[in-house]
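Letter by letter, the chains look like this.
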Amino acid sequence: MSFPSVRMRRLRRTTAMREILQGVKVHPSNLVYPIFVDENAKAPIPITAMPDYYRLPLQQVVAEARQAVEQGVKAVILFGLPSKKDETGSSAFAQDGAVQKAIGELKKEFGGELVVMADVCLCEYTTHGHCGIVKDGEVVNDLTLEVLQKVAVSQAQAGADVVAPSAMMDGQVRFIRDALDDAGFSEVAIMAYSVKYASGFYGPFREAAECSPQFGSRKSYQMGYGDAAEALREMELDLNEGADVIMVKPALAYLDIIHLAKSKFNVPVAAYNVSGEYAMVKAAAKNGWIDEKAVVLELLTAIKRAGSDLIITYFAKDVKSWLC
Ligand code: PBG
């Protein structure tokens, strides 16, 4: 069968016809909204490279989450900016740390209505800005694992539903799973940043979280992007270590990897639509060069179509109003 009996345009004639047939639809309930809690902030601090997005004082976290919930969002992921950093990132596991307090307040306010996730990493908390413990100019894997365990347990104690290790240390998922189980938190889930590329797209986040490495780069632990086989190994290892959700990050330049993740493992897959991806869209939209709403819906649909179940995105709060 071919033209003229086949006419593909028959099913494109009206909005309703197009909508009943659209297989992949973005929905706010699949989006995760990142929140940066800043221990030093008295008021929201704008992030230059992330227009319309702010670092927040603890007192405003619940209100911000409420806005997201009102827009149909059911999950947030927390990042912290501590008032003091040190060599070993010890404020990452402080019981009265900004993230730990924010988790407590969010769970008290929203209970089971909101999934509270917390990023498990050290880079926002270390003076050198690396994601692990540094000795003689190198990030030392196994020493870092013990600190990541403390961070994850402190977040679980505060009430986190999901911890999300993002330091890219080998064995981090196994160590965190063991520590959580030993501390009585076997029900807390792990969303592993399994495939995290050493990417130029994190620039605005590093401004936002003040976590640029003070020497070298993250290339000795984050992945190079020239090869898909390494991504498969990382995902398989994390699943074997007990990851409940695997993540691919960034999203847009890695749709093939998201597709591989879903087709190969058929487990829950998250994609992180990162700060640089947000910044590009915002910059072009603010110049009047693209239509923000049209472009964001197109991008998020593509990230979902590639195979992700969850999308972490700074646009999470905007989507509901754009869908109608
Ligand atoms: C911490 C972390 C980073 C991001 C999320 N967790 C920064 C990095 O690895 O440099 C980036 C998120 C974004 O760019 O939106 N390791």
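Our structure is the block above this text.
Keep in mind that what you see is a predicted model, and the values were worked out from it rather than measured.

Here is what the cut-offs are and how they apply
- Residues numbered from 1 in each chain as written.
- Predicted model: local features only at pLDDT ≥ 70, side-chain atom pairs only at ≥ 80, totals over all residues.
- Heavy atoms only, no water.
- Axes fitted to C-alpha atoms, helices over the stretch in contact; angles between N-to-C directions.
- Helix = DSSP H or I, 4+ residues; strand = E, 2+ residues; numbered from the N terminus.
- Parallel < 35°, antiparallel > 145°, perpendicular 65-115°, else oblique.
- Left-handed = near helix turned anticlockwise from the far one by under 90°.
- Contact = heavy atoms within 4.5 Å.
- Expected span 1.5 Å × (residues − 1).
- Buried < 20%, exposed > 50% of the residue type's maximum accessible area, 1.4 Å probe, protein only.
- Arc of directions from axis to C-beta.
- Pairing = 2+ DSSP bridges.
- Near = heavy atom within 4 Å.
- Polar contact = N/O pair within 3.5 Å; in protein donor to acceptor, adjacent residues only side chain to side chain.
- Areas by Shrake-Rupley, 256 points an atom, 1.4 Å probe, with all protein chains shown as cover.
- 1 Å grid on protein atoms, 1.4 Å probe; cavity = no way out; pocket = protein on both sides within 12 Å on 5 of 7 lines; lining within 4 Å.
- Sits in = over half its atoms within 2 Å of the grid points.
- Nonpolar A, V, L, I, M, F, W, Y, C, P; charged D, E, K, R; others polar.
- Points joined across faces, edges and corners; volume = space filled by probe spheres on them.
- Core = buried A, V, L, I, M, F, W, Y, C linked by side-chain atoms within 4.5 Å.
- Right-handed = clockwise from strand over helix to strand, strands pointing away.

Draft legend 1. Expanded view of the packing of helix H4 (residues 141-158) against helix H5 (residues 172-182). Interhelical geometry of H4 versus H5 gives an angle of 45° and a closest axis separation of 9 Å. If you check the angle between H4 and H5, you find them oblique. When the axes of H4 and H5 are compared, the crossing they make is right-handed. Here Leu145, Leu148, Gln149, Ala152, Val153 and Ala156 of H4 lie close against H5, whose contacting residues are Gln172, Phe175, Ile176, Ala179 and Leu180.

Draft legend 2. Seen up close, helix H7 (residues 229-241). Between its terminal C-alpha atoms H7 stretches 19 Å, which fits the 18 Å expected from 13 residues at 1.5 Å a residue. Those residues of H7 lying buried are Ala231, Glu234, Met235, Asp238 and Glu241. End-on view of H7: buried residues confined to an arc of 130°, all on one side of the axis. Those residues of H7 that are exposed and angled more than 90 degrees off the buried face are Arg233 and Asn240. Packing partners of the buried residues in H7 comprise H5, strand S9 (189-196), strand S10 (245-249) and helix H8 (255-265).

Draft legend 3. Here's a closer look at the pairing of strand S12 (residues 310-313). Summarising the sheet, strand S1 (residues 31-38) and S12 pair through 2 bridges and their orientation is parallel. Paired with Leu31 across the strands is Ile311, a residue of S12.

Draft legend 4. Looking closely at the site of the ligand. Around the ligand sit 19 residues, and of these Lys196, Arg206, Lys249, Ser275 and Tyr314 come closest. Side-chain polar atom of Lys196 to a nitrogen atom of the ligand: 2.8 Å apart, as the coordinates give it. Side-chain polar atom of Tyr314 to an oxygen atom of the ligand: 2.6 Å apart, as the coordinates give it. Starting from 400 Å² of accessible surface for the ligand in isolation, the protein chains cover 100%. Assessed atom by atom at 2 Å from the grid points, the ligand resides in the largest cavity. Listed by contribution, the elements that provide at least two residues to the shell around the ligand are S9 and helix H6 (203-208). Taken together, the residues that form the shell around the ligand break down as 11 nonpolar, 3 polar and 5 charged.

Draft legend 5. Layout of empty space enclosed by the protein. In the structure shown here, the tally under the stated rule is 4 cavities of 30 Å³ or more. Here the largest cavity defines a volume of roughly 160 Å³. The set of elements that each furnish at least two residues to the lining of the largest cavity consists of S9 and H6. When its residues are assigned to classes, the lining of the largest cavity shows 11 nonpolar, 3 polar and 6 charged.

Draft legend 6. Up close: the side chain of Gln149. Within the element layout of this structure, Gln149 appears in helix H4. A distance of 2.9 Å separates a polar side-chain atom of Gln149 from the backbone oxygen of Phe175. The residues touching Gln149, leaving out its near neighbours within four places in the chain, are Phe175, Ile176 and Ala179.

Draft legend 7. Representation of the layout of surface pockets within the structure. In this structure, the largest pocket spans a volume of roughly 280 Å³. What lines the largest pocket is simply Glu19, Gln22, Lys25, Val26, Leu297, Glu298, Thr301 and Leu323. When residues of the lining of the largest pocket are assigned to their parent elements, the largest contribution, 3 residues, is made by helix H10 (residues 292-306). The class makeup of the residues in the lining of the largest pocket is 3 nonpolar, 2 polar and 3 charged.

Draft legend 8. Summary view of the nonpolar core. Counting 109 residues, the largest nonpolar core has Phe36, Ile77, Leu78, Leu106, Leu180, Met191 and Tyr272 as the members making the most contacts within it. Here this core gets 7 residues from one element, more than from any other, and that element is H4. Not counting residues up to four positions away in its chain, the partners in contact with Met191 are Ile77, Met117, Val162, Val163, Ala164, Pro165, Val245, Met247, Ala270, Leu310 and Ile312.

Draft legend 9. Fine view of the pairing of strand S11 (residues 269-273). Along S11, 5 of the 5 residues are buried, which leaves the element largely enclosed by surrounding structure. Judged by which residues are buried, S11 turns out to be covered on both faces: Val269, Ala271 and Asn273 on one side and Ala270 and Tyr272 on the other are all buried. Two strands pair when backbone bridges link them, and S10 and S11 are joined in this way by 3 bridges, in the parallel orientation. Residue pairing across strands places Val248 opposite Ala271, the latter belonging to S11. What joins S10 to S11 is H8, and the crossover it makes is right-handed. Sheet topology note: the S11/S12 ladder contains 4 bridges and is parallel. The residue of S12 that forms the bridge with Ala271 is Ile311.

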